[in-house]
Amino acid sequence: METEKHPSVARSEQQPSRVQHDRLNRGLSARQVQMIAIGGTIGTGLFLGTGNALATGGPASMLIAYAISGAIVFSTMLSLGEMAAFIPVAGSFCTFAGRFVDDAFGFALTWNYWFNDAVSTAADLVALQLILQYWTDNFPGWAFSLIFWAVLIGLNLFAVHVYGEVEYWLSVLKVITIIVFIILGIVVNCGGNETGHYIGGENWHIPGAPFVGGAGGFASVFVTAAFAYGGTESIAITAGETKDPARTIPKVVLNVFWRILIFYILASLIIGLNVPYNYPDLTNKDVKTSPFTIVFEMTGTKAAGSVMNAVIMTSVLSAGNHALFAGVRLLYTLSVQGHAPKFFGKLNRNQIPWIAVIATGIVSGLCFGSSFIGAGQLWTWLQNIVGVSNQLSWISIGITSIRFRRALAAQNKTHLLPFRNPTYPFGPWICVVLNIVIVLVQGWSCFSPSFDRVSFVSFYVELPIMLIMFLVWKVVKRTKVVKLHEVDLETDVYVREEGKDESLWKKLVEWIV
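Cut-offs applied
Numbering of residues starts from 1 in every chain and runs along the sequence as written. Only residues with pLDDT of at least 70 get local features here, since the model is predicted, and only at 80 or more are side-chain atom pairs given and counted; chain-wide, interface and lining totals rely on the full set of residues. As a convention, hydrogens and water are excluded, and side-chain values are obtained from all of the structure's heavy atoms. Every helix listed is a DSSP run of H or I at least four residues long, and every strand listed is a run of E at least two residues long, numbered separately from the N terminus. Burial classes follow relative accessibility: with a 1.4 Å probe on protein chains only, a residue under 20% of its type's maximum area counts as buried, one over 50% as exposed, and anything between as partly exposed. Only heavy atoms enter the contact rule, under which two residues are in contact if any of them lie within 4.5 Å. Reported accessibility uses the Shrake-Rupley method at a 1.4 Å probe radius. Residues are deemed covered only where the shown protein chains occlude them. Salt bridges are identified by distance alone: a Lys or Arg side-chain nitrogen within 4 Å of an Asp or Glu carboxyl oxygen. One less than the residue count of a helix, multiplied by 1.5 Å, gives the span that helix is expected to have. Working definition: the arc comes from the directions between the helix axis and the C-beta atoms, pointing outward to the latter. Among the buried residues, those of types Ala, Val, Leu, Ile, Met, Phe, Trp, Tyr and Cys that are joined through side-chain atoms within 4.5 Å form a nonpolar core. Each axis is a line fitted through C-alpha atoms, and for a helix only the stretch in contact is used; angles between axes span 0 to 180 degrees, taken between their N-to-C directions. To sort the angles, those under 35 degrees are grouped as roughly parallel, those over 145 as roughly antiparallel, those from 65 to 115 as roughly perpendicular, and the leftovers as oblique. Crossing chirality is assigned from the near helix's rotation relative to the far helix, an anticlockwise turn below a right angle marking it left-handed and a clockwise turn marking it right-handed. Three classes are used: nonpolar for Ala, Val, Leu, Ile, Met, Phe, Trp, Tyr, Cys and Pro, charged for Asp, Glu, Lys and Arg, and polar for all others, with Gly counted as polar. Put simply, two rings from Phe, Tyr or Trp (the six-membered ring, in Trp's case) pair if the centres are within 6.5 Å, and we call them stacked under 30 degrees between planes, edge-to-face over 60, tilted for the rest.

## So, the overall build of the chain
A tally of helices and strands in the chain yields 19 helices and zero strands. Here the chain, with 513 residues, has 60% of them falling under the buried criterion. Look at the contacts in the chain between residues 6 or more apart in sequence, and 83% of them connect residues 24 or more apart. On the chain, roughly 19,800 Å² of surface is accessible, and the fraction owed to carbon and sulfur atoms is 67%.

Here it is as structure tokens:
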């Protein structure tokens, strides 16, 4: 098949060493990538985190925080999609940070995000224990996590197309479930419940609602929202194993995220209308029931709640699978870039970095700490750590996007972009500034009414760790901010494949799925 070549690509073909990240197998189709994008974001944060957000912030705080966070992530995805379509590599924005800004910046961000994915996997495994409590408290939670921990590691050792197919069907199940939930939630609110009572906006008028905890409660919901939306940006990490990424990644950014945004906003609205903020088992230390399950139970059928709980369990497993996949690719990238030992980049016959799978899986074994701390409390702490880490990643993507565009302009290559961020330059700047403010104020609740040391650590420990990693690498390696005219805009640039125009029918199917 002939391909369209531009000057920088022609130079790349003459210099094979300019391609560093193409050893991974591009076995993910556009269909799989789009569903993986949904699967990475629709999981524990939505199904279980919304209950925590409702209890600590109230229905209005939850709805507003999810809407603001969604807008931030959408703008962030536009910036990331622009870069990933031009240079599709496994490390994605972590690689870009080192290439476009400073090697020390890329080093700190990549290690931070790898740890984020490993902890996300642990959080999902802990969430499985909480979901199991809906049926029984007699089965040891650590054993339940151990079973699925082994399953996740096994799935990530197979060929990437196996991972993609499993994620595709699990994600289809999630989308169907949320659509059914939204429809059923409307019916329940309008009187289609076991009591036949019209609920309307009653739960918004309970004393103390809709803003539970005032400004502190409102601020605290943002970290929960960040945890829920986290994973959206990691879809670009699959660019290194995606067929024709210059065409596929922009489709994923434009055709998937708005659907996720609608799912989150509508779902949080339905939950806030139907479930009171003071409903038992929704508080920080006693998270036992998903608000999705509660709404299904309100139909008067116990079996409906059990079915919903089972679906949530598969969804959480899917989210953990996606987080582990992304973490493995980041550890592989660290190895390729010389930021981690070379053996983490070793591939098996399926072109899977198997040592990175084992190493990331070991860190996700943090989930077994629930047997000492308590699953509900551990899950809340892990959620805070991951949420802040996600926000730091969004800030970094904004900074990297600004530098990327300035470098393109300095080297007269802006016209080579296969996809452009329509919000530039305002979008990246707004995301950077707004995220910084949110990161600093969202831990308000740990200072009042009394100082909570453990919560303080979970809210803010990521900040000094990332700063120390940046400074240490900068001092040891004596790195400098890359000059705009020296930014590498040739290595791993992908050539868009030419092909026949897609039929209207095919475009319609892709838009739906």
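Don't stop here, the text continues.
## Thoughts on the pattern of salt bridges
Side-chain pairs of opposite charge can arise whenever the charged atoms involved come near each other. Taken as a whole and judged by the stated rule, the model has four salt bridges. The closest approach of N and O atoms between Glu82 and Arg405, which form a salt bridge, is 2.8 Å. Here the residue Glu82 occupies a position in helix H4 (residues 49–86), and Arg405 occupies one in helix H15 (residues 375–410), the gap between them amounting to 323 residues. One exposure class covers both Glu82 and Arg405, and it is buried.

## Considerations on helix H18 (residues 462–477)
For H18, built from 16 residues, the straight-helix expectation of 22 Å at 1.5 Å per residue is met to within 8% by its first-to-last C-alpha distance of 22 Å. Here H18 has its buried residues at Glu462, Met466 and Trp473. All buried residues of H18 fall inside an arc of 40 degrees around its axis, so they share one side. Exposed and oriented more than 90 degrees from the buried face of H18 are Ile468, Val475 and Val476. Where H18 is buried, its residues contact helix H6 (103–132), H15 and helix H17 (453–460).

## Notes on the nonpolar core
Counting residues in each nonpolar core, the largest one holds 134 residues, and the members touching the most others are Tyr66, Phe86, Phe100, Phe181 and Phe292. Top element by residues in this core is H6. It accounts for 18 residues. The residues contacting Phe100, other than those within four sequence positions of it, are Met83, Ile87, Thr400, Arg403, Phe404, Val487, Asp488 and Leu489.

## Quick look at the packing of H6 against H15
It is at 8 Å that the axes of H6 and H15 come closest, and there the two elements cross at 150 degrees. Looking at the two axes, H6 sits roughly antiparallel to H15. You can see that H6 and H15 cross each other, and the crossing is left-handed. Broken down by class, the residue content of the contact of H6 with H15 amounts to 15 nonpolar, ten polar and no charged.

## So, unusual backbone geometry
In this structure, the amide linkage connecting Ala209 to the following residue, Pro210, adopts the cis form with an omega of 5 degrees. Among the secondary structure elements, Pro210 is positioned in the loop between helix H8 (160–189) and helix H9 (214–229). With an omega dihedral of 5 degrees, the bond running from Tyr424 to Pro425 counts as a cis peptide bond. Relative to the elements of secondary structure, Pro425 occurs in the loop between H15 and helix H16 (426–441). Within the chain, Asn412 stands out as a residue other than glycine whose phi angle is a positive 55 degrees. One can find Asn412 in the loop between H15 and H16. Even without glycine at this site, Arg478 takes up a positive phi of about 50 degrees. Position of Arg478 relative to the elements: it lies in the loop between H18 and helix H19 (504–512). Judged by its relative accessible area of 74%, Arg478 is exposed.

## Re H8
Compared with the 44 Å implied by 1.5 Å per residue over 30 residues, the 43 Å span of H8 between its first and last C-alpha is a close match. Immediately downstream of H8, the backbone of Gly191 shows phi near 120 degrees, a positive value.

## Quick look at the environment of Val357
In this fold, Val357 is placed in helix H13 (residues 354–363). Spatially, the C-alpha atom of Val357 lies 10.0 Å from that of Leu155, the residues being 202 residues apart in sequence. If sequence neighbours within four positions are ignored, Val357 has contacts with Ile153, Asn156, Leu157, Val328 and Ile352.

## Re the packing of aromatic side chains
Per the stated rule, a full pass over the model turns up 24 aromatic pairs. Measuring from ring centre to ring centre gives 4.9 Å for Tyr168 and Trp169, while their planes differ by 85 degrees; the resulting arrangement is edge-to-face. Ring geometry for Tyr229 against Tyr264: centres 4.5 Å apart, planes inclined by 35 degrees, an arrangement best described as tilted. Here Tyr229, found in helix H9, pairs with Tyr264, found in helix H10 (residues 245–274); they are 35 residues apart in sequence, far enough to count as distant. In this structure, Tyr229 and Tyr264 share a single accessibility class: buried. Taken together, Phe447, Phe451, Phe456, Phe459 and Tyr460 form an aromatic cluster joined through their ring pairs.

## What to know about the environment of Cys446
Following the sequence through the fold, Cys446 ends up in the loop between H16 and H17. Counting along the chain gives 230 residues from Cys446 to Gly216, while the straight-line C-alpha distance between them is 8.9 Å. Those residues within four positions of Cys446 in sequence are excluded, and the remaining contacts are Phe451, Asp452, Ser455, Phe456, Phe459 and Tyr460.

## Regarding the packing of helix H5 (residues 93–100) against H15
Describing two packed helices takes the angle between their axes plus the distance from one axis to the other. In contact at an axis separation of 9 Å, H5 and H15 are set at 50 degrees when each is read in the N-to-C sense. Here H15 runs oblique to H5, going by the angle between their axes. Considering how the two elements wind past one another, H5 and H15 form a crossing that is left-handed. Residues Phe93, Phe96, Ala97 and Phe100 of H5 lie in contact with H15, whose contacting residues are Ser393, Ile397, Thr400, Arg403 and Phe404. Grouping the amino acids of the contact of H5 with H15 by side-chain chemistry returns six nonpolar, two polar and one charged.

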